[in-house]
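Commentary on secondary and tertiary structure
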Amino acid sequence: MASGSLIKLLVFEILEFAAFSIPTLVIMEQFATAYQVTRNRAEKTHYWLIVSCSIAYVASVSLLIWVPIKVLLYKKHRLTKKIKGWRPVMMMCVVFTTLPSFSFSIAMTEIQKNINGSADVLPDTLPDLPVSLVLTSLIIVDIIEKLRTYPLRGRQKCNEDKHIHTSTLQQIRTVTDQVGQNEGNAAHPQPAKRTALSPPSVAAAQRPAPEPAEPAGPQEPSFQSGILRTMSRWDVRAEIFLWSFLLWSDTVEMMRVAGHQAVYKSAWLYPVYIFSFISLLRIILTPQNPLLNSLGILLQDLPFIFVRLSLIIDLGTITPVLGLCKNVLVTLSYVYFSHLTKFRVFSTFEFSSF
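Reference entry: report on the structure contained in this document.

1. Considering the overall build of the chain
- Counting its secondary structure elements, the chain contains 14 helices and zero strands.
- When the elements of the chain are put in sequence order from the N terminus, they spell out α-α-α-α-α-α-α-α-α-α-α-α-α-α.
- Counting all 354 residues of the chain, 31% fall into the buried class.
- Considering only residue pairs separated by 6 or more positions, the chain has 78% of its internal contacts joining residues 24 or more positions apart.
- Accessible surface for the chain amounts to roughly 23,400 Å². Of this, 66% is attributable to carbon and sulfur atoms.

2. Overview of a nonpolar patch on the surface
- Taken together, the side chains of Val335, Tyr336, Phe337, Leu340, Phe343, Val345 and Phe346 define a hydrophobic patch exposed on the protein surface, amounting to about 670 Å² of accessible area.
- With respect to the helices and strands, Phe343 occurs in the segment after helix H14 (321–338).

3. Observations concerning the pattern of salt bridges
- Under the counting rule described, the total for this entry stands at 13 salt bridges.
- For Glu13, the salt bridge goes to Arg148, with nearest N and O atoms at 2.9 Å. Of the two residues, Glu13 is situated in helix H1 (residues 4–37) and Arg148 in the loop between helix H5 (129–147) and helix H6 (158–186); the sequence distance between them amounts to 135 residues.
- Judged by its relative accessible area of 27%, Arg148 falls in the partly exposed class.

4. Focus on the layout of surface pockets
- Taken as a whole, the largest pocket holds about 1,100 Å³ of empty space.
- Taken together, 33 residues make up the lining of the largest pocket; nearest its centre are Leu73, Thr80, Val89, Glu145 and Arg148.
- Secondary structure elements with two or more residues in the lining of the largest pocket: H1, helix H2 (45–75), helix H3 (77–82), helix H4 (88–116), H5 and helix H9 (236–247).
- For the lining of the largest pocket, the element with the highest residue contribution is H2, accounting for seven residues.

5. Here's the deal with the packing of aromatic side chains
- Under the counting rule described, the total for this entry stands at seven aromatic pairs.
- When the centroid spacing of 5.1 Å and the interplanar angle of 80° are considered together, the rings of Tyr47 and Trp48 count as edge-to-face.
- Residue classification places Trp48 among the exposed residues on the basis of a relative accessible area of 55%.
- Centre to centre, the rings of Phe102 and Phe277 are 6.4 Å apart; their planes meet at 70°, and the pair counts as edge-to-face. Pair noted here: Phe102 is in helix H4 and Phe277 is in helix H12 (residues 269–280), with a separation of 175 residues, a long-range link. This pair shows no difference in class: Phe102 is buried, exactly as Phe277 is.
- One aromatic cluster in this structure is built from Phe31, Tyr35 and Phe104.

6. A short note on the environment of Leu129
- With respect to the helices and strands, Leu129 occurs in helix H5.
- Overall, Leu129 belongs to the exposed group, its relative accessible area being 51%.
- On a C-alpha basis, the gap between Leu129 and Val26 in space is 9.2 Å, while along the polypeptide they are 103 residues apart.

7. So, the nonpolar core
- Phe102, Leu138, Val272, Tyr273, Ile283 and Leu311 are the most contacted members of the largest nonpolar core, which has 41 residues in total.
- Of all elements in the fold, only H1, H2, H4, H5, helix H10 (249–258), helix H11 (261–264), H12 and helix H13 (292–315) reach the threshold of two or more residues within this core.
- Those residues within four positions of Ile283 in sequence are excluded, and the remaining contacts are Arg87, Met90, Val94, Leu138, Asp142 and Trp248.

8. Focus on the environment of Thr97
- Within the secondary structure layout, Thr97 lies in helix H4.
- Taking the C-alpha atoms as reference, Thr97 lies 8.9 Å from Ile22; in sequence the two are 75 residues apart.
- Every residue in contact with Thr97, bar those within four places of it in the chain, is listed here: Ala19, Phe20, Pro23, Thr24 and Met92.

9. Looking at a positive patch on the surface
- Together, Lys76, Arg78, Lys81 and Lys82 line one region of the surface with positive charge.
- Locating Lys81 in the fold gives a position in helix H3.
- By relative accessible area, Lys81 is classed as exposed at 67%.

10. What to know about the packing of H13 against H14
- Contact pair H13 / H14: the axes reach a minimum separation of 9 Å and the direction vectors enclose 140°. The pairing of H13 with H14 is recorded here as oblique in orientation. Note on packing geometry: the crossing formed by H13 with H14 is left-handed. Between H13, through Asn293, Ser294, Ile297, Gln300, Asp301, Leu302, Phe304, Ile305, Arg308, Leu309 and Ile312, and H14, the contact on the second element is made entirely by Val321, Gly323, Leu324, Lys326, Asn327, Val328, Val330, Thr331 and Tyr334.

Cut-offs used in this document
- Residues numbered from 1 in each chain as written.
- Predicted model: local features only at pLDDT ≥ 70, side-chain atom pairs only at ≥ 80, totals over all residues.
- Heavy atoms only, no water.
- Helix = DSSP H or I, 4+ residues; strand = E, 2+ residues; numbered from the N terminus.
- Buried < 20%, exposed > 50% of the residue type's maximum accessible area, 1.4 Å probe, protein only.
- Contact = heavy atoms within 4.5 Å.
- Areas by Shrake-Rupley, 256 points an atom, 1.4 Å probe, with all protein chains shown as cover.
- Patch = residues over 30% accessible without salt bridge, like charges linked within 9 Å, V, L, I, M, F, W, Y side chains within 5 Å.
- Salt bridge = Lys/Arg side-chain N within 4 Å of Asp/Glu carboxyl O.
- 1 Å grid on protein atoms, 1.4 Å probe; cavity = no way out; pocket = protein on both sides within 12 Å on 5 of 7 lines; lining within 4 Å.
- Points joined across faces, edges and corners; volume = space filled by probe spheres on them.
- Phe/Tyr/Trp six-rings, centres within 6.5 Å; stacked < 30°, edge-to-face > 60°.
- Core = buried A, V, L, I, M, F, W, Y, C linked by side-chain atoms within 4.5 Å.
- Lys, Arg positive; Asp, Glu negative; His and termini not counted.
- Charge placed at Lys NZ, Arg CZ, Asp CG, Glu CD.
- Axes fitted to C-alpha atoms, helices over the stretch in contact; angles between N-to-C directions.
- Parallel < 35°, antiparallel > 145°, perpendicular 65-115°, else oblique.
- Left-handed = near helix turned anticlockwise from the far one by under 90°.

Note that every value here comes from positions in space, so none of it alone points to a role or purpose.
Structure, rendered in structure tokens:
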């Protein structure tokens with residue numbers, strides 16, 4: 001009987017390979033259909049030629065790149081430990097799946113416009129399936145790579161760990177305060193030490209024990225039983241699914257704008273696709289990479305400010321103003337708190353009475 005770890009490995013590898021290969025095949029099939037419509041519909045030579053080329057591309061990339069690198073990462077654990085800060089699997093998905101899919105999505109629209117001579121023959125909106133399939137597949141691979149270090153069965157005691165962590169911080173703060181008090185008392189002259197042990201004084205015995213320091217800010221409730229305890233449970237594995245989709249919601253919204261007729265029927269289609277792909281390059285980095293925050297500003301928020309502002313000025317509010325406000329506020333807050341606070345003008349300590 002196969003072990004649980006072997007079944008987990010097989011399921012993960014099958015899902016990753018499906019997410020690696022299916023988007024390219026779907027996009028190429030739609031490209032072949034769009035190209036066939038502009039030709040003789042009765043003759044499907046061009047259609048099957050493009051479909052066969054897409055199958056050959058996926059097969060060759062899988063056999064020559066995907067499978068060897070997967071086997072190498074599985075067999076050579078020393079090599080895996082030397083790879084720091086980035087993930088080879090995510091790089092393969094971005095380079096060999098996302099990039100060709102975005103390229104043929106643009107080519108599909110341009111071929112229809114060039115052959116028919118006008119963009120008026122195009123539909124009012126582009127189908128959402130290709131773009132959603134590409135981004136969903138990329139996010140699924142990201143989730144699988146994050147879940148590899150966690151067991152799929154059993155519970156993760158996140159609430160208890162959080163409570164222990166908070167209690168430990170309070171104890172550390174209390175010990176630090178005691179050390180500071182002892183250092184302050186050591187500055188005063190002390191009487192000579194007695195050779196025999198003496199009983200503690202009455203004042204020392206009646207001195208109350210120091211209370212643990214409370215964390216700043218509003219206190220969070222703690223539920224020990226009942227329905228509220230059940231509702232307050234959370235698991236880090238479920239958090240991976242949540243934050244993996246929320247992290248790319250801005251890019252998903254930008255790709256949705258690309259399906260608007262005012263965008264894909266004009267030259268705005270190119271910057272939207274190009275900067276959306278550039279923002280996806282962050283997924284190559286590991287989740288705990290120190291460069292992830294700064295690259296998020298440089299590769300996503302800062303370029304999206306100019307793209308969204310230009311779209312609003314030229315085409316109106318086809319992109320949400322909320323997205324533009326998010327990009328501006330995130331960029332300004334990062335620059336202020338990470339860099340400007342180092343200067344003397346912004347480095348003064350602030351004391352709040354609340």
